[in-house]
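Survey of secondary and tertiary structure
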Amino acid sequence: MRIPVRGYTFDLMTTKSAAAISSPAVGEALRAYVDVLALADCFLSELWQSAGLTITQLAILRQLRDGPQPAGRLAASAGLSPASATRVLDRLEERHLLTRRRQSTDRRCVDIELKPEGEAILGGLRGLMGSPVHRAIEGMTAEQRDALVAALGQLRDSARELQVSEASPC
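Here we summarise the structure given alongside this text. Please read all numbers here as calculations on a predicted model, not as lab measurements.

1. Quick word on the overall build of the chain
- Each helix and strand counted, the chain has seven helices and five strands in total.
- Listed N to C, the secondary structure of the chain is β-β-α-α-β-α-α-β-β-α-α-α in terms of helices and strands.
- Across the 170 residues that make up the chain, the buried fraction comes to 24%.
- Per element, the accessible surface of the chain, about 11,400 Å² overall, is 57% carbon and sulfur.

2. Overview of the sheet that holds strand β4 (residues 98–102)
- One open sheet holds the three strands; their spatial order is β3-β5-β4, and the pairing between them is antiparallel. For this open sheet the edge positions go to β3 (69–70) and β4, each flanked by a neighbour on one side alone.
- Sheet analysis places β4 next to strand β5 (residues 110–114), joined by five bridges and oriented antiparallel. What sits directly across from T99, in β5, is E113.
- Along the sheet, helix α4 (residues 82–94) makes contact with β4 and β5, crossing β4 at roughly 120 degrees.

3. What to know about the side chain of Q57
- Tracing the backbone shows Q57 in helix α2 (residues 55–63).
- Here T54 takes part through its backbone nitrogen, which lies 2.8 Å from a polar atom of the side chain of Q57.
- Leave out the neighbours within four places in its chain, and Q57 touches G52, V88, R91 and L92.

4. Some thoughts on the environment of L74
- In this structure, L74 sits in helix α3 (residues 71–78).
- In this structure L74 comes out as buried when scored by relative accessible area, which is 0%.
- The spacing of L74 and A59 is 15 residues in sequence and 9.3 Å in space, taken between C-alpha atoms.
- Non-local contacts of L74, meaning those with residues more than four positions away in its chain, are made with I60, Q63, L64, Q69 and I112.

What counts, and where the lines are drawn
Residues numbered from 1 in each chain as written. Predicted model: local features only at pLDDT ≥ 70, side-chain atom pairs only at ≥ 80, totals over all residues. Heavy atoms only, no water. Helix = DSSP H or I, 4+ residues; strand = E, 2+ residues; numbered from the N terminus. Buried < 20%, exposed > 50% of the residue type's maximum accessible area, 1.4 Å probe, protein only. Areas by Shrake-Rupley, 256 points an atom, 1.4 Å probe, with all protein chains shown as cover. Pairing = 2+ DSSP bridges. Contact = heavy atoms within 4.5 Å. Axes fitted to C-alpha atoms, helices over the stretch in contact; angles between N-to-C directions. Polar contact = N/O pair within 3.5 Å; in protein donor to acceptor, adjacent residues only side chain to side chain.

Everything listed is a geometric property; what it means functionally is a separate question.
Structure (structure tokens):
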């Protein structure tokens with residue numbers, strides 16, 4: 001499915017296959033999601049530059065917000081080979097943003113955990129303050145904000161579950 005957004009055209013397909021969009025409503029939801037991503041682009045760019053991190057490094061740190069995860073799962077969800085993931089994790093560990101621990105039950109598996117320094121980088125919502133997105137959310141009613149938080153949380157959780165189920169256990 002081709003989705004035009006602000007002069008760009010996105011080809012949306014699953015990683016497993018180029019499955020057709022199941023309904024017009026799903027297509028509309030995907031277009032709305034891409035539109036919101038485009039609005040956040042400026043904020044994310046500022047965050048990446050100020051933190052001195054790559055998009056991949058920030059994505060890995062964000063995945064660790066919910067708790068320690070196996071290195072293999074992080075690599076798979078970021079689309080990295082084990083060797084590339086090792087290099088990315090090395091750089092993040094050198095900056096004291098995360099720690100690694102071997103699992104006691106399987107020493108081949110390494111759990112990665114976010115350190116407070118990494119959490120501090122992710123907490124940088126200051127770039128959103130005063131932005132059009134921030135002002136739009138402030139302009140919503142409490143019920144609209146609650147519905148937005150619930151819907152985005154459900155989307156995030158469902159996507160993470162699918163990511164985890166498609167990734168390797170270590």
